[in-house]
Amino acid sequence: MSWVSERHLVAAISNAGGFGVIACGAMPPALLEAEIAATQGLTDKPFGVNLITMHPQLDELVQVCLRAKVGHVVLAGGIPPGPALRAVKDGGAKLIAFTPALVLAKRFIKSGVDALVIEGSEAGGHIGPVSLTVLAQEILPHIRDVPIFVAGGLGRGEAILSYLEMGASGAQLGTRFAASVESIAHENFKKAFVRAAARDALPSIQLDERFPVIPVRGLVNAGTKQFLAHQAATLARFQSGELSKEAAQLDIEHFWAGALRRAVIDGDVENGSMMAGQSVGLVTSVQGVADIIEELCAQAAAAIAARGPWEG
């Protein structure tokens, strides 16, 4: 949700009764500080900040959040490093982490994490290999110490309800809100979401195991096809001796540099990175944030009402 989950969308979600989260992404500390202040100017409701554990200035970003009195910090993109974890806890903020497996969930809880997110491979952007359906069955029945939020492929209230009944405390949604009225994403970006089907959101493909490609789910476009051709060409240059292994890997990784911004901000939906979850097939129109949340709640309530009175 980098470039998308910024002050306007975050404030709109929190004001509508949800919990908005700023996606820090690659922001430097000064930019994050300004984004937090701007968000606080648009809402007096709680919101959080998502920090990437691999960010070279992670410790400084944590301090920015603490100085601004951000109540919840989400550490994503890897195992939270000890210093950052302790800094968040010592600073009085709640710490949320992503867990891809039960064993790590237990480890995080022991280290002091206040809540967990389990995100299935149906999600948009960087993904793991396991679906939410399986992760939920593996983790939810066994963790009661902290709240757990489910994510990945969620687009209707009935689905959220089913995970709440399994023990989840809430749900994290990205794709539907990325295409909302309040999202600053380019109109081309939103229109592509409305047109897309679930099968259009696929993970990036790795051609050679010697050159790892981090799986990223997004809408297939000219850019994704060019990426395959670029990998093949780079592989040929490596095999011919023109490029070292390190140079070839770097060349592959640099292909998508700036591609998310090109799609989200510039509206280049053909060559940019169109990160989207499989729930993109459930995006049928550009709705306001409050309408999306109201619709999700109404769907869940209707599912409960349809069961009729319980007879024990």
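Residues numbered from 1 in each chain as written. Predicted model: local features only at pLDDT ≥ 70, side-chain atom pairs only at ≥ 80, totals over all residues. Heavy atoms only, no water.

Chemist: How should I be thinking about the overall build of the chain in this particular structure?
Modeler: Tallying secondary structure elements over the chain gives 13 helices and ten strands in all. At 20 Å, the chain has a C-alpha radius of gyration in line with the 20 Å of a compact globule built from 312 residues. The principal-axis extent of the C-alpha atoms belonging to the chain is close to 70 × 45 × 40 Å. Counting every position in the chain, which comprises 312 residues, the buried fraction comes to 45%. Within the chain, residue pairs in contact and separated by at least 24 positions form 61% of the contacts whose partners lie at least 6 positions apart. Only carbon and sulfur atoms are counted for the fraction: they give 57% of the accessible area of the chain, which is about 15000 Å². Taking the average location of the 25 positive side-chain charges in the chain and that of its 30 negative ones, the two points are 2 Å from each other. (Helix = DSSP H or I, 4+ residues; strand = E, 2+ residues; numbered from the N terminus. Rg over C-alpha atoms; globule rule 2.2 N^0.38 Å. Buried < 20%, exposed > 50% of the residue type's maximum accessible area, 1.4 Å probe, protein only. Contact = heavy atoms within 4.5 Å. Areas by Shrake-Rupley, 256 points an atom, 1.4 Å probe, with all protein chains shown as cover. Lys, Arg positive; Asp, Glu negative; His and termini not counted. Charge placed at Lys NZ, Arg CZ, Asp CG, Glu CD.)

Chemist: In this structure, what is going on with the environment of serine 285? I would like to understand it.
Modeler: Mapped onto the elements of the fold, serine 285 is located in the loop between α12 (259-264) and α13 (289-305). The spatial distance from the C-alpha of serine 285 to the C-alpha of alanine 179 is 8.2 Å, given a sequence separation of 106 residues.

Chemist: Would you mind showing me how to read the packing of aromatic side chains here?
Modeler: Inspection of the entire model under this criterion finds five aromatic pairs. An angle of 40 degrees between the planes, with centres 5.3 Å apart, marks the rings of phenylalanine 227 and phenylalanine 255 as tilted. With phenylalanine 227 in helix α10 (residues 222-239) and phenylalanine 255 in the loop between α11 (245-253) and α12, this pair connects stretches of sequence that are 28 residues apart. Taking relative accessible area as the criterion, phenylalanine 227 reaches 4% and is therefore assigned buried. When the ring of phenylalanine 227 is compared with that of tryptophan 256, the centres are 5.6 Å apart and the planes differ by 55 degrees; the resulting orientation is tilted. Here phenylalanine 227 is found in helix α10, whereas its partner tryptophan 256 is found in the loop between α11 and α12, with 29 residues between them in sequence. Through a chain of ring-to-ring contacts, three or more aromatic side chains come together here, namely Phe227, Phe255 and Trp256. When the ring centre of phenylalanine 211 is taken as origin, the NZ or CZ atom of lysine 245, which lies over that ring, is 5.3 Å away. It is arginine 261 that lies over the ring of tryptophan 3; its NZ or CZ is 5.0 Å from the centre. (Phe/Tyr/Trp six-rings, centres within 6.5 Å; stacked < 30°, edge-to-face > 60°. Lys NZ or Arg CZ within 6 Å of the ring centre and 35° of its normal.)

Chemist: It is not clear to me how the sheet that holds strand β10 (residues 216-219) should be interpreted in this structure. Could you clarify?
Modeler: Taken together, the three strands give an open sheet; going across it, the order is β6-β10-β9, and neighbouring strands pair in antiparallel fashion. The open sheet terminates on both sides in strands that have one partner only, identified here as β6 (125-126) and β9 (201-203). Relative to β10, β6 is paired through two bridges, and the arrangement is antiparallel. Bridging from a neighbouring strand, histidine 126 pairs with valine 216 of β10. (Pairing = 2+ DSSP bridges.)

Chemist: Where do I start with α13 in this structure?
Modeler: The periodicity of an α-helix, 3.6 residues per turn, causes residues three or four places apart in sequence to face the same way. With 17 residues, α13 ought to run about 24 Å at 1.5 Å a step, and its terminal C-alpha atoms sit 24 Å apart, in line with that. Turning to α13, the residues buried within the fold contact α1 (7-15), α7 (157-166) and α8 (175-178). (Expected span 1.5 Å × (residues − 1).)

Chemist: Quick question: what am I supposed to make of the side chain of glutamine 231 here?
Modeler: Checked against the element boundaries, glutamine 231 lands in helix α10. Every residue in contact with glutamine 231, bar those within four places of it in the chain, is listed here: Ile205, Gln206, Leu207, Val213 and Ile252.

Chemist: What is the right way to read unusual backbone geometry from this model?
Modeler: One can expect most non-glycine residues to show negative phi and most peptide bonds to be in trans. If you check the backbone angles, tryptophan 3 has positive phi at about 75 degrees while not being a glycine. Positionally, tryptophan 3 belongs in the segment before α1. Given the relative accessible area of 42%, tryptophan 3 is considered partly exposed. With a phi close to 65 degrees, lysine 69 is a non-glycine residue in the positive phi region. As for its placement among the helices and strands, lysine 69 is situated in the loop between α3 (58-67) and β3 (72-76).

Chemist: How should I be thinking about the pairing of β10 in this particular structure?
Modeler: On a regular strand, each side chain points to the face opposite its neighbour's, so the side chains alternate between the two faces of the sheet. Strand direction decides the pairing type here: β9 and β10, joined by three bridges, are antiparallel. In the strand pairing of β10, proline 203 is matched with arginine 217.

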